[in-house]
Amino acid sequence: MTARIEKAVVSGVFSLDGQDFDVDNNVWLVGDDDEVVVIDAPHRVEPIVEAIGGRRVKAVLLTHGHNDHITAAVDLREAVDAPVWLHPADTMLWRMVHPVALPDGELADLMRFTVAGTTLTALHTPGHSPGSTSLHAADLGAVFTGDTLFCGGPGATGRSFSDHPTILGSIRARLLTLHGDTVVHTGHGDDTTITAETANIA
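As a starting point, this report considers the structure included with it.

Criteria and thresholds
- Residues numbered from 1 in each chain as written.
- Predicted model: local features only at pLDDT ≥ 70, side-chain atom pairs only at ≥ 80, totals over all residues.
- Heavy atoms only, no water.
- Phe/Tyr/Trp six-rings, centres within 6.5 Å; stacked < 30°, edge-to-face > 60°.
- Helix = DSSP H or I, 4+ residues; strand = E, 2+ residues; numbered from the N terminus.
- Buried < 20%, exposed > 50% of the residue type's maximum accessible area, 1.4 Å probe, protein only.
- Axes fitted to C-alpha atoms, helices over the stretch in contact; angles between N-to-C directions.
- Parallel < 35°, antiparallel > 145°, perpendicular 65-115°, else oblique.
- Left-handed = near helix turned anticlockwise from the far one by under 90°.
- Contact = heavy atoms within 4.5 Å.
- Salt bridge = Lys/Arg side-chain N within 4 Å of Asp/Glu carboxyl O.

Focus: the packing of aromatic side chains
Within this structure, the stated rule accounts for three aromatic pairs. Ring centres of phenylalanine 14 and phenylalanine 21 lie 6.2 Å apart, and the angle between their planes is 25 degrees; on these two criteria the pair is classed as stacked. Aromatic pair tryptophan 28 and phenylalanine 144: ring centres 5.9 Å apart, planes at 55 degrees, arrangement tilted. Separated by 116 residues along the polypeptide, tryptophan 28 in strand S2 (residues 19–31) and phenylalanine 144 in strand S10 (residues 142–146) bring together distant segments of the chain. Exposure remark for phenylalanine 144: the relative accessible area of 1% places this residue in the buried category.

Points about the packing of helix H1 (residues 45–52) against helix H3 (residues 73–80)
Taken N-terminus to C-terminus, the directions of H1 and H3 make an angle of 40 degrees; their axes are 9 Å apart at the nearest point. Taken together, the axes of H1 and H3 are oblique relative to one another. Between H1 and H3 lies a crossing whose hand is right-handed. Within the contact between the two elements, H1 uses Val45, Ile48, Val49 and Ile52 and H3 uses Asp75, Leu76, Ala79 and Val80.

Observations concerning the pattern of salt bridges
Overall, the coordinates contain six salt bridges when judged by the stated rule. A salt bridge links glutamate 6 to arginine 55; the shortest N-O distance between them is 2.8 Å. Placement of glutamate 6 in strand S1 (residues 4–16) and of arginine 55 in the loop between H1 and strand S4 (56–61) is noted, with a sequence separation of 49 residues between them. Arginine 174 is the salt-bridge partner of aspartate 109, the closest N and O atoms lying 3.0 Å from each other. Placement of aspartate 109 in the loop between strand S6 (105–106) and strand S7 (112–115) and of arginine 174 in helix H5 (residues 164–175) is noted, with a sequence separation of 65 residues between them. The exposure class assigned to arginine 174 is partly exposed, which follows from its relative accessible area of 21%. Within the structure, one salt-bridge network assembled from shared partners comprises Arg4, Glu6, Asp33 and Arg55.

Structure below.
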């Protein structure tokens with residue numbers, strides 16, 4: 001197994017429902033010295049391109065359509081010539097940020113992406129947004145949850161297009177069923193594990 005997980009943090013502003021919040025976003029890269037998959041494209045393209053470091057990008061996978069996860073997606077696509085994937089249920093959020101450009105592919109439940117000998121499996125986990133999707137790297141003992149599951153519990157559901165019972169259902173059915181030692185790599189903040197978060201889900 002040659003694949004590894006790397007993280008870059010990009011700071012910017014999350015905007016929705018007429019309010020703005022300063023946030024630090026995690027960008028995850030899964031791959032090796034030659035090729036990577038990028039998970040989320042927040043705020044500014046330059047630090048993401050720097051983290052890629054000239055490697056071939058096989059795909060840009062967006063965990064959901066909130067602006068702080070997709071603002072740099074179109075610029076990143078142009079910079080590294082890689083397709084951008086987003087679940088179609090978040091198209092309305094995408095269009096708020098990119099009214100003309102479109103994603104290249106529709107991210108669907110159980111879709112698989114292979115990079116550096118490992119596989120990422122998409123798990124549709126709606127609630128934070130209708131199209132929220134987690135990415136499970138079973139070979140690496142990891143899951144990338146975007147804003148669905150954080151260190152400390154579920155993601156926020158107080159904004160438009162979100163729903164608390166739905167996010168709890170997604171976490172229970174799709175994430176807490178993963179092996180307890182699975183490391184949860186989140187969209188913001190620190191890592192956690194499935195076992196640690198089981199106690200935080202009401």
